Amino acid sequence: MKEPALIPDVAELKRFNGEFSLTPASFIAAAPGTEEAAELLREYLSIPTGFDEIPVVPEPAAGDGGIHLRVAGEPEPDRVGLCDESYRLAVRTDAVEISAANRFGLLRAIQTLRQLLPPEIYAAGKTGLPAWSIPCLQLEDAPEFRWRGMHFDVARHFFTVPEVCRYIELLAQHKFNVLHWHLTDDQGWRVEIKSYPRLTRIGAFRKRSQDINPERTPVFDNVAHGGFYTQEDIAEIVGFAARRGITVVPEIDMPGHIQSAIAAYPELGNNPAVNPGVMEAWGTSSVVLSPEESTFEFIEKVLDEIMALFPSRVIHIGGDEVNFDEWSGSPLVKRLIEANGLASLREFEYWFMARVANFVSSRGRIPAGWDGGIPLRGVLNTAWLGKRGTLISARLGELTVAANCDRFYFDHYQSAPEGEPPAYDRKVVQTCEAVYDYRIVPDELESRFACNIIGGQGALWTEHIPDFRQVEYMLFPRACALAEKLWRRQEDCDFADFVVRLRRHRSRLEAGQVNAHRLPQ
């Protein structure tokens, strides 16, 4: 009896003889609270099977061939807005029964159900497959971590609304529940802010871009690049994600990584008489925000519009890789350092970010930032600098997301650079196995602090990723490995077993026309 090749694997599964057949006579029975999920399932099933308009009927419903959906109650979000996602799925010859703690658990169960069907269920159109069956089984499942995220940088290279939605759909298929959306950087400002229209009129476009090959002496393509998301686009994307149980966490990076904003409004910078333009090279600009009161007014207005667009409880404010050159020569910075009893420019950076974080908190949201550039107290720490940063943050009792750059940055090569498209740094190779083998909660961390690590996330920076086919190539199958590490208990994870399941899971990726890397085989 062939076992289902589920990714991420489930906590507990029992197989039985027989199978459930999905036919044109099948229906979805939706109990109260499941109607929206039922409509999503109907779409997932109807298109590839060609069973037009599989009906959604109220539960209880009589008759064989039904897929019955039930939830125990409404979600009860935790501090960061995430909740229980447990579910139970039972497949009999005459019916499928799915019960979940809430609609989020139900949405994860639906993704499991899709994986139990033939791979062609992931096709974008009618396949003509004559039979659609699901093996009889019973399973119970729940994630190990509540924060299971992927980051997407659209500032270096812009991606369209349909491409962002495809990114979200691929995350949903693998039971991720957070999209960390990096919307602004030196090379582009991608979100419409009505209070400051030049942010997108000017800051969203650059005249040329550096060659994507990082090993060559920098050359430029002399091709204009840009784009941005209107507030209507944002609403569409956030709604698309919410329907799939994914929270979109926006990032507005500051006080560095912000040359595109200063190109639009030079008065935000420390040298307002000089317009730096939108940055065309990769790397980090030396241009940073000036700590004028008018700058903080700008930040607050921008964040107010962002918080109106994104219902996420967490708002990311960046905070990393700040160049101190401009601040070191600023009389205003010197006065503020003295007035606030600060000892260094690093402490001034913390002061700056604490002021922004306090504003986000005053609006009832949770500020998040990259470690190394933020005061850890009271800020969700995206720990990208490695295990040490994760340990420090967790031991301080702060909310911590493991986002280690040495394992979870998917812009790095995933096999030997020879024969691979350009990626970040030929000396760094992050294989699928390296992703899978990393422990989200370090062994060194005392058990009493482990609860402070609420999960982990991968990152996809796009300096060297100019199109969406390359996005998929860099994500998969490493995102499959990360998805499983965030879903299952560490002691239940086995890479050899994962690879066996991945071989069969590739047929699903192929049916969905995902441009995945060939390794591991």
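The coordinates are above.
Residues numbered from 1 in each chain as written. Predicted model: local features only at pLDDT ≥ 70, side-chain atom pairs only at ≥ 80, totals over all residues. Heavy atoms only, no water.

Colleague: Describe the sheet that holds strand β6 (residues 95-100), and please don't skip the residues or the numbers.
Modeller: Reading across the sheet, the seven strands line up as β1-β7-β5-β6-β4-β2-β3 and stay open at both edges, with mixed pairing between neighbours. Strand pairing shows two members of the sheet lacking a second neighbour, β1 (12-22) and β3 (56-58), which therefore form its edges. The mean inter-strand angle of the sheet, taken between neighbouring strand axes irrespective of direction, is 25°. Examined bridge by bridge, strand β2 (residues 27-30) and β3 share three bridges and lie parallel to one another. Following the sheet pairing, A30 is matched in β3 by P58. (Pairing = 2+ DSSP bridges. Helix = DSSP H or I, 4+ residues; strand = E, 2+ residues; numbered from the N terminus. Axes fitted to C-alpha atoms, helices over the stretch in contact; angles between N-to-C directions.)

Colleague: Can you explain the pattern of salt bridges? Please cite residues and give values.
Modeller: Evaluation of the coordinates by the stated rule reveals 36 salt bridges. Across the pair R243 and E43 runs a salt bridge, and its minimum N-O distance is 2.7 Å. Pair noted here: R243 is in helix α5 (residues 231-243) and E43 is in helix α1 (residues 35-49), with a separation of 200 residues, a long-range link. Take E43: its relative accessible area is 28%, and that puts it in the partly exposed class. A salt bridge links K194 to E192; the shortest N-O distance between them is 3.3 Å. (Salt bridge = Lys/Arg side-chain N within 4 Å of Asp/Glu carboxyl O. Buried < 20%, exposed > 50% of the residue type's maximum accessible area, 1.4 Å probe, protein only.)

Colleague: Hey, could you go over unusual backbone geometry for me, with residue numbers and the actual values?
Modeller: The residue after M254, namely P255, is reached through a cis peptide bond having omega -5°. As for its position among the elements, P255 is in the loop between β14 (247-254) and α6 (259-264). That bond from L519 to P520 is cis: its omega, -5°, falls within 30 degrees of zero. With respect to the secondary-structure elements, P520 resides in the segment after α16 (495-511). Positive phi, normally seen in glycine, also occurs at E53, with a value near 55°.

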